[in-house]
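Residue strings, one per chain:
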Amino acid sequence: MTVEIKAQETQIADVVISQSEPAKVEEETKEVVCKNAEEKKVDEPQHKAVERSHSFKEESYFFSDLKEPERKALVELKSKLEEAILGNSLFSKEEKKTNEESLDEGEGGIKSEKQDELNSEGDGKEETAEEGAEEKKPNEQSEETAVVVKTIEDGKEKKCDVDVKEKKSDVEVEEKSFAEVDRDISLWGVPLLPSKGTEGTDVILLKFLRAREFKVNEAFEMLKKTLQWRKDFKINSVLDEDLGADLVSSGYMSGSDHEGHPVCYNVYGVFDNEQLYKKAFGTDEQRLRFLRWRLQFMEKGIQNLNLKPGGVCSLLQINDLKNSPGLSRKELRITLKQLLGLLQDNYPEFVARNVFINVPFWYYALHSLFSPFLAQRTKSKFVFARPSKVTKTLLKYIPATEIPVQYGGFKRENDSEFSIEDGGVLGLAVKAGSDQTIEIPAPEAGTTLIWDLTVLGWEVNYKEEFVPANEESYTIIVQKSKKMGSHEAPVRNTFRNDEPGKVVITIHNGSIEKKRILYRYKIKRSL
């Protein structure tokens, strides 16, 4: 048998809604049309695998791949960060003041015991102080003796004389502050001090630079605010918190996309349950718990990343809005607005695409309210899909084997039938008003055939038969012909044959649109 393969390039536009006007995100996908021919050998089926859709590729984090202005911006930001960390000026003045006050009270504080005694003596204070000065040890410096304070100016050491009597406390403060510098400060497990030479440091800094269009000062301020927010919000401890099992159903990680990005699913339909809605958003305390849970979810997702140049450095986020509460739910609307702001301000460039599926019409109005608070770069990553386009949209980003079955893919929980070794997904097209058949060979008796199949958008007639190789035997109906509605889940079926033959699946497309079929099968021979 011969196979004629015709690759047709199509463009699928996902509409990204902004407040002013929608923008289109166009991606190229390829359809593979496989026609069965009579000459094909039964025991050596020829199938065309569905080709990957390179819908997007993450921006490079290699220094050599950056444009010259971007390299300069990265170098400048690293210099500012190095200076801030070593100068202990990364956090706000209020916190620095608190730290200094704690130093005064702590062991080895700025004020010596001798000074405390002198200050408590009252009238004879000056005389005692002078006597103390005269009784200094021989190896101590006099008032006129100067100490050398080193500073860095244009890479050279600069000496400045400081009077001990007037500057001694300042030097001790400086030495104490130097001792308190946190050279191990990090973000998501990546050390931030550039001089450490850690691979991931450039990755983290480029995320902040890209979020601020490579404006160094703005990126630096964003980084400082993120570090301060994480300290104030105690994000580093959120992973260890038990925030309740009731929220687990609203978010989970499952599989990866074509480029290896972990896929994160947010399911808002669970909040249509009144009891769960009140638990999540009923009070300010509960809304805060939800925010912390969602941030905990984000932190867990980041743990699955490889924050190094060349590694997978971002997530693909899927937001399922099916049956989600509408605009009338003020608490949900306010909480989501807060969440979007927190994620945008403190997790820059950690989401490769933000795909919204099963989008109801009312959500476009809700999105227009959020849009003014979102950066253009953030909005450019938004993709929207109506219920009829869910599977088609997800396939642009995720292999069919990694898409959960409820979204039209072939991934099932605890699936023991198919594995990576069993091969990928095959595809073909069925023209409008025509039939297409798929043959699964069973050349030996006693084999078990297993198959998955889906038609994007369905609305076709579907049947399955076993046709024996012996023409005198009877054809067996595995699945009688039935009309498959637009929201049908992928089919999984099995058949054990008692004689050689083949399973023939027939799809009749009675609509005026071409349909795309995805399928895979496995033959388990008896031992």
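Everything here concerns the structure above.
Residues numbered from 1 in each chain as written. Predicted model: local features only at pLDDT ≥ 70, side-chain atom pairs only at ≥ 80, totals over all residues. Heavy atoms only, no water.

Regarding its fold elements, the protein chain presents 13 helices and 19 strands. Residues classed as buried in the protein chain amount to 41% of the 527 residues present. When contacts within the protein chain are restricted to residue pairs at least 6 apart in sequence, those whose partners lie at least 24 apart make up 75%. (Helix = DSSP H or I, 4+ residues; strand = E, 2+ residues; numbered from the N terminus. Buried < 20%, exposed > 50% of the residue type's maximum accessible area, 1.4 Å probe, protein only. Contact = heavy atoms within 4.5 Å.)

Turning our attention to the side chain of Q317. Within the secondary structure, Q317 sits in strand 9 (residues 315-320). The exposure class of Q317 is buried, given its relative accessible area of 5%. Only 2.5 Å separates the side chain of Q317 from the side chain of R294, close enough to count as a polar contact. (Polar contact = N/O pair within 3.5 Å; in protein donor to acceptor, adjacent residues only side chain to side chain.)

Right, let's talk about the pattern of salt bridges for a bit. Per the stated rule, a full pass over the model turns up 23 salt bridges. Two residues, E402 and K411, come together in a salt bridge whose shortest N-O distance is 3.9 Å. You can call K411 partly exposed: its relative accessible area is 27%. For R492, the salt bridge identified is with D415, shortest N-O distance 2.9 Å. With R492 in strand 17 (residues 491-496) and D415 in the loop between helix 13 (390-395) and strand 12 (426-430), the pair connects residues that are 77 residues apart, well separated along the chain. Residue classification places R492 among the partly exposed residues on the basis of a relative accessible area of 25%. Here D415 falls in the partly exposed class, since its relative accessible area comes to 23%. Sharing partners across several salt bridges, the network here consists of E59, R210, E349, R377 and K381. (Salt bridge = Lys/Arg side-chain N within 4 Å of Asp/Glu carboxyl O.)

Structurally, T226 can be placed in helix 7 (residues 216-233). C-alpha separation for the pair T226 and N346, spaced 120 residues apart in sequence, amounts to 5.2 Å.

A separate point is the pairing of strand 14 (residues 448-455). Here strand 14 lies mainly inside the structure; seven of its eight residues are buried. Relative to strand 17, strand 14 runs antiparallel, the two sharing six bridges. Residue pairing across strands places W451 opposite N493, the latter belonging to strand 17. Relative to strand 19 (residues 515-524), strand 14 runs antiparallel, the two being bridged by eight bridges. Residue pairing for strand 19: D452 is matched across the bridge by R520. (Pairing = 2+ DSSP bridges.)

Another aspect to go through is the sheet that holds strand 8 (residues 262-267). Sheets are built from strands paired through backbone hydrogen bonds, the pairs being either parallel or antiparallel. With mixed pairing, the five strands of this open sheet are ordered in space as 7-8-9-10-11. The sheet is open, and its two edges are formed by strand 7 (251-256) and strand 11 (382-385), each paired on a single side. Each strand of the sheet is rotated relative to its neighbour by a mean of 20°, with strand direction disregarded. Taken together, the four bridges between strand 10 (residues 351-357) and strand 11 define a ladder with parallel strand orientation. Across the sheet, residue V355 finds its bridge partner in strand 11, namely V383. (Axes fitted to C-alpha atoms, helices over the stretch in contact; angles between N-to-C directions.)

Attention now goes to empty space enclosed by the protein. Going through the model one piece at a time under the given rule, you end up with six cavities of 30 Å³ or more. In this model, the largest cavity occupies a volume close to 460 Å³. L340, L343, N354, T378 and F382 are, among the 30 residues lining the largest cavity, the residues nearest its centre. For the lining of the largest cavity, the secondary-structure elements that each account for two or more residues are helix 9 (284-303), strand 9, helix 10 (330-346), strand 10, helix 11 (361-370) and helix 12 (376-379). The dominant element in the lining of the largest cavity, judged by the number of residues it contributes, is helix 10, at five residues. (1 Å grid on protein atoms, 1.4 Å probe; cavity = no way out; pocket = protein on both sides within 12 Å on 5 of 7 lines; lining within 4 Å. Points joined across faces, edges and corners; volume = space filled by probe spheres on them.)

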